[in-house]
Amino acid sequence: AGAAPPISFNEALQYFQTADLSECRKKVRATVRRRGLAALVRFLFGPPRLQPQLQGERELALAMAQCGLDDNERVHMRILQTIYKKLTRSGLGCPRYGAHWEELGFQGADPGTDLRGTGMLGLMQMLYFVMDSRTLPLAQEIFKLSQHETQAPAIMLILLQNFPFCIMSVNITRIVIQALREECLSRECNRRQQVIAVLNDLYAAAFLQLYRVWKWQHKTLADSGFLLKELELSTRKKPKQLLKSLEAYVNRSPAADGFQQPSPPSASGGGEEINFTGVCDLQIELEGEARLI
């Protein structure tokens, strides 16, 4: 797979569109159930339903999120290798297992163990990020920040801004999946008559938002739990605003240098640290409120 040419997002998507995902589809429960008053409020004031002709694309996205990384699937391996080459700016492939994946921001030598809860959709969104010419520079800038210099005196370690890039990416994909399941994206999907493209743009927009706050407000891993929770709220409550921010960025408009200021941390929640060890081993909540992994 390391010697294979990079794979485009569209080629990879065509593979999943024709692959047998029947077992994955059986695991999908597409919407968050609401009961009682919550169901009534959702009916009266909530976003519109996704149009019937888009349901198949939505189900495909959720099925990909249930599909694990398979060493025997050549396309899976090409996706993994392409992400590695683009982030490292290398023309060479790499072994399937090894410490080089930890350098990219996975938790260990096998990226597949970090995809529980997002499955191949987690890798597909990374692939989109690095293969779209509009977002590749952003992906590389975020990856560069994630590798923030670690050779510093011990007294300066608290100021380091490094973070595990791929684990952060998987967490953002999980947030986007939850927004889809809660039907927070239906209005935008209906408007564009697309689902996966909206998911990808929201993923990139959320990563852009995180990057701007992280870089310019000098955030560190100690702030990551709070920032991810803020990002989760933004994707559910203000997806259109995030998408406009991404559009401004890729078009390099004057508004591209602005970003949403996060709310001040509460006394109990400010600076909460997220434990990235085993962060993707937990299952997504299938009922009730969204829960950050």
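Residues numbered from 1 in each chain as written. Predicted model: local features only at pLDDT ≥ 70, side-chain atom pairs only at ≥ 80, totals over all residues. Heavy atoms only, no water.

Where an unreviewed UniProt entry is consulted, the chain appears under the name ELMO domain-containing protein 3, with the organism given as Spheniscus mendiculus.

Draft legend 1. Region of interest: the environment of Arg 29. Structurally, Arg 29 is set in the loop between helix 2 (22–26) and helix 3 (36–45). Look at Arg 29 and you get partly exposed, because its relative accessible area is 41%. A sequence separation of 152 residues divides Arg 29 from Arg 181, and the C-alpha atoms of the two residues are 8.5 Å apart. (Helix = DSSP H or I, 4+ residues; strand = E, 2+ residues; numbered from the N terminus. Buried < 20%, exposed > 50% of the residue type's maximum accessible area, 1.4 Å probe, protein only.)

Draft legend 2. Seen up close, the state of the cysteines. Throughout the structure, instances matching the rule amount to zero disulfides. With no disulfide partner, Cys 24 has as its closest neighbouring cysteine sulfur the one in Cys 67, 4.3 Å distant. Judged by relative accessible area, Cys 24 falls into the buried class, the value being 11%. (Disulfide = S-S within 2.5 Å.)

Draft legend 3. A look at helix 5 (residues 74–88). With 15 residues, helix 5 extends 21 Å between its outermost C-alpha atoms, agreeing within 8% with the 21 Å of an ideal straight helix rising 1.5 Å per residue. Buried residues dominate helix 5, accounting for twelve of its 15 residues. Buried residues of helix 5: Val 75, His 76, Met 77, Arg 78, Ile 79, Leu 80, Gln 81, Thr 82, Ile 83, Tyr 84, Lys 85 and Leu 87, and no others. The elements touched by buried residues of helix 5 are helix 1 (9–18), helix 6 (100–104), helix 7 (119–131), helix 8 (136–146) and helix 9 (165–181). The positive-phi residue at the C-terminal boundary of helix 5 is Arg 89, with phi of around 60°. (Expected span 1.5 Å × (residues − 1). Contact = heavy atoms within 4.5 Å.)

Draft legend 4. Structural view of the nonpolar core. In this structure, Phe 16, Ile 79, Leu 123, Met 124, Phe 129, Ile 172 and Phe 207 are the most contacted members of the largest nonpolar core, which totals 83 residues. For this core, the element with the highest residue contribution is helix 11 (residues 196–216), accounting for 14 residues. Residues in contact with Ile 172, not counting those within four places in the same chain, are Tyr 203, Ala 206, Phe 207, Leu 210 and Leu 231. (Core = buried A, V, L, I, M, F, W, Y, C linked by side-chain atoms within 4.5 Å.)

Draft legend 5. Quick peek at helix 13 (residues 239–250). An ideal rise of 1.5 Å per residue puts 16 Å on twelve residues; helix 13 measures up with 17 Å between its terminal C-alpha atoms. Among all positions in helix 13, only Pro 239, Leu 242, Leu 243, Ser 245, Leu 246, Ala 248, Tyr 249 and Val 250 are buried. The inward-facing, buried residues of helix 13 abut helix 8, helix 10 (186–192), helix 11 and helix 12 (224–237). One or two residues past the end of helix 13 sits Arg 252, with phi positive at roughly 55°.

Draft legend 6. Main features of the packing of helix 1 against helix 7. The contact between helix 1 and helix 7 brings their axes to 9 Å, and the two run at 155°. With respect to their mutual orientation, helix 1 and helix 7 come out roughly antiparallel. Contact residues: helix 1 offers Phe 9, Ala 12, Leu 13 and Phe 16, while helix 7 offers Met 120, Met 124, Leu 127 and Tyr 128. Here the contact of helix 1 with helix 7 is composed, by residue class, of eight nonpolar, no polar and no charged. (Axes fitted to C-alpha atoms, helices over the stretch in contact; angles between N-to-C directions. Parallel < 35°, antiparallel > 145°, perpendicular 65-115°, else oblique. Nonpolar A, V, L, I, M, F, W, Y, C, P; charged D, E, K, R; others polar.)

Draft legend 7. Layout of the packing of aromatic side chains. In total, this model carries ten aromatic pairs according to the counting rule given. Note on Trp 101 and Phe 106: the rings are 6.2 Å apart at their centroids and 75° apart in plane angle, and the pair reads as edge-to-face. We note that Trp 101, like Phe 106, is buried. Ring centres of Phe 143 and Phe 165 lie 5.6 Å apart, and the angle between their planes is 90°; this geometry places the pair in the edge-to-face category. (Phe/Tyr/Trp six-rings, centres within 6.5 Å; stacked < 30°, edge-to-face > 60°.)

Draft legend 8. Structural detail: the pattern of salt bridges. All chains considered together, the criterion is met by eleven salt bridges. Two residues, Arg 134 and Asp 132, come together in a salt bridge whose shortest N-O distance is 3.1 Å. Of the residues examined, Arg 134 reaches a relative accessible area of 39% and is grouped as partly exposed. A salt bridge links Arg 236 to Glu 182, with the shortest nitrogen-to-oxygen separation between them at 3.2 Å. Of the two residues, Arg 236 sits in helix 12 while Glu 182 sits in the loop between helix 9 and helix 10, which places them 54 residues apart along the sequence. The pair Arg 236 / Glu 182 is uniform in exposure class, with both members buried. Salt bridges linked by common partners bring Asp 132, Arg 134, Arg 192 and Asp 201 together as one network. (Salt bridge = Lys/Arg side-chain N within 4 Å of Asp/Glu carboxyl O.)

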